[in-house]
Amino acid sequence: MNKLRLFFLISLIFILTYVPMTAFAYSYGDPNEEKVAEVYKQMAEKLNENPPNFAEAKTIFETVKEELDMHMGKEPSEAVLKAIAAKDKNAVLEDMKKILVLNIARRLENIEKNFAQYDTSKRLLAKAFATYEALSPTIQAKDAALDKQLKTEFDNALQSLGNPGLFGVGKKQSNIEQFKKSKEMILTTLQKQVGLKSLKVGHFSESAVEKPEAVEKKEWTDLSKVKNWIPIAVLVVVIGGVVLYSMRRKRA
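The chain is annotated in an unreviewed UniProt entry as Extracellular protein from Anoxybacteroides voinovskiense.

Core analysis: the biggest nonpolar cluster contains 52 residues, and Met43, Met96, Ile104, Leu108 and Leu190 have the highest contact counts within it. If you list the elements that add at least two residues to this core, you get α2 (35-47), α3 (54-61), α4 (65-72), α5 (75-85), α6 (89-113), α7 (118-142), α8 (144-160) and α9 (176-194). Per-element tally for this core: the top contributor is α6, with 11 residues. Setting aside chain neighbours within four positions, we find Met43 in contact with Ala57, Ile60, Phe61, Val80, Ile84, Val92 and Met96.

Right, let's talk about the packing of aromatic side chains for a bit. Counted according to the given criterion, the structure contains three aromatic pairs. Here the aromatic rings of Phe115 and Phe179 are separated by 5.6 Å at their centres, their planes lie at 45 degrees, and the arrangement is tilted. You can see Phe115 sitting in the loop between α6 and α7 and its partner Phe179 sitting in helix α9, a full 64 residues away along the chain. For Phe179, a relative accessible area of 1% puts it in the buried group. Aromatic rings pair up to connect Phe129, Tyr132 and Phe154 into one cluster.

Here we come to the pattern of salt bridges. On inspection of all chains with the given rule, the structure shows 10 salt bridges. The partner of Arg107 in a salt bridge is Glu34, with the nearest N and O atoms 2.7 Å apart. Placement of the pair is Arg107 in helix α6 and Glu34 in the loop between α1 (2-24) and α2, with a sequence separation of 73 residues. For the residue pair Arg107 and Glu34, the accessibility class agrees, reading buried in each case.

We now examine the packing of α2 against α7. Relative orientation of the contacting elements α2 and α7 amounts to 30 degrees, with a least axis distance of 7 Å. Accordingly, the angle class assigned to the pair α2 and α7 is roughly parallel. Here α2 runs over α7; the crossing is left-handed. Listed contacts from α7 to Ala37, Tyr40 and Lys41 of α2 are Ala130, Thr131, Ala134 and Thr138. Broken down by class, the residue content of the contact of α2 with α7 amounts to four nonpolar, two polar and one charged.

Basis of the calculations
- Residues numbered from 1 in each chain as written.
- Predicted model: local features only at pLDDT ≥ 70, side-chain atom pairs only at ≥ 80, totals over all residues.
- Heavy atoms only, no water.
- Core = buried A, V, L, I, M, F, W, Y, C linked by side-chain atoms within 4.5 Å.
- Buried < 20%, exposed > 50% of the residue type's maximum accessible area, 1.4 Å probe, protein only.
- Helix = DSSP H or I, 4+ residues; strand = E, 2+ residues; numbered from the N terminus.
- Contact = heavy atoms within 4.5 Å.
- Phe/Tyr/Trp six-rings, centres within 6.5 Å; stacked < 30°, edge-to-face > 60°.
- Salt bridge = Lys/Arg side-chain N within 4 Å of Asp/Glu carboxyl O.
- Axes fitted to C-alpha atoms, helices over the stretch in contact; angles between N-to-C directions.
- Parallel < 35°, antiparallel > 145°, perpendicular 65-115°, else oblique.
- Left-handed = near helix turned anticlockwise from the far one by under 90°.
- Nonpolar A, V, L, I, M, F, W, Y, C, P; charged D, E, K, R; others polar.

This is the structure:
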């Protein structure tokens, strides 16, 4: 019986430590790639060819044009296409950087509107940070300390989301005021860096605000991942062993 109790205690400790470590570690999660950021990088690659491949850059840009028009109005897309038609490489890249900043602003605004919805907010912040990572080399080249400060502010924004925990374990209270401070610093700084007059987008209707995706799974409840079955399997084995042992003792 003592050996069984020891086994049970060891298994319980494993469950209580393994689950919080894998479930509650602060990370941005999988941003599923922010499409506009990927498009910017692909366009930059084509435009940095010798000679610049404007035709290919235009084809790549058109894959996100409809989405940009919906969320930001037609002005940003028109500016990029005009610069491509004029074969002005620098203007294309500068306009794309402005679009990246507008996209970050859109994501952060939507987080504030959905702040109580942890999964949605975390996913949107991941996308905002993925967008900044595409912009980061430009900021770093101008001011490495500022780039580091901005990344720290993204981390602060992540911390401000708190953590709902699992069955109350690992729960951390969210702080919307902290988030607002981080958001203000990030957007004010980026607006100045790319020379945007305003961060107001052309299409900010309620229908454009991301809603929680019902089918989206939390990292630690996605049972399609083998690692998430480990604590459950251990728990089942432990409980089954205790029940079986108790039944045998009663029969004896």
